[in-house]
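Per-entry structural report
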Amino acid sequence: MAEQDTQDSSEYGRAAVPAEATTCGTRIVVCVSKFGSLALVCAENPGAFLGTQDAQDEGELDAADLASVERALVELGFTVLPEELVESDYDGPSRAHLYGQRPTWWDRFFGTF
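Just so you know, these numbers come straight off a predicted model, no measurement behind them. (Residues numbered from 1 in each chain as written. Predicted model: local features only at pLDDT ≥ 70, side-chain atom pairs only at ≥ 80, totals over all residues. Heavy atoms only, no water.)

So, about the environment of Leu66. In this fold, Leu66 is placed in helix 2 (residues 63-75). Leu66 gets classed as buried once you look at its relative accessible area, which sits at 7%. A sequence separation of 38 residues divides Leu66 from Ile28, and the C-alpha atoms of the two residues are 7.9 Å apart. When near neighbours in sequence (up to four residues on either side) are disregarded, Leu66 contacts Val41, Thr52, Gln56 and Leu61. (Helix = DSSP H or I, 4+ residues; strand = E, 2+ residues; numbered from the N terminus. Buried < 20%, exposed > 50% of the residue type's maximum accessible area, 1.4 Å probe, protein only. Contact = heavy atoms within 4.5 Å.)

Next up, the structure:
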């Protein structure tokens, strides 16, 4: 994992499980927030699916692979956030308002602020 070059990003970095190492052949991406020990697990990339359940329903994410990644994160002290949750509306301060966009919890904990 490496710090991203984006100065104003809330995302600290990402780690990926290569597609070749997963049951379904879809990579698993872990996004780590600069806020506390928050992590997000998704199939392929954030937003590629409506969430991990959607990816599982489409046959692109194996439940055992997901459980392994989430278990490792919990053992390391992370709180794993569901992708579906971070896509819900955020009503706090955000630069998204400046551009007429709807800010989400993704913006708050992983995007630009």
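That covers the picture; the talk isn't over yet.
What follows deals with the pairing of strand 2 (residues 28-33). Of all six residues making up strand 2, six are buried, and the element is well covered by its neighbours. Relative to strand 2, strand 1 (residues 11-17) is paired through six bridges, and the arrangement is antiparallel. Paired with Gly13 across the bridge in strand 2 is Val32. Pairing analysis gives five bridges linking strand 2 to strand 3 (residues 38-43), with the strands arranged antiparallel. (Pairing = 2+ DSSP bridges.)

What follows deals with the state of the cysteines. Taken as a whole and assessed by the stated rule, the structure comprises zero disulfides. Cysteine Cys31 shares no disulfide, and the gap to the nearest cysteine sulfur, in Cys42, comes to 4.8 Å. Taking relative accessible area as the criterion, Cys31 reaches 0% and is therefore assigned buried. (Disulfide = S-S within 2.5 Å.)

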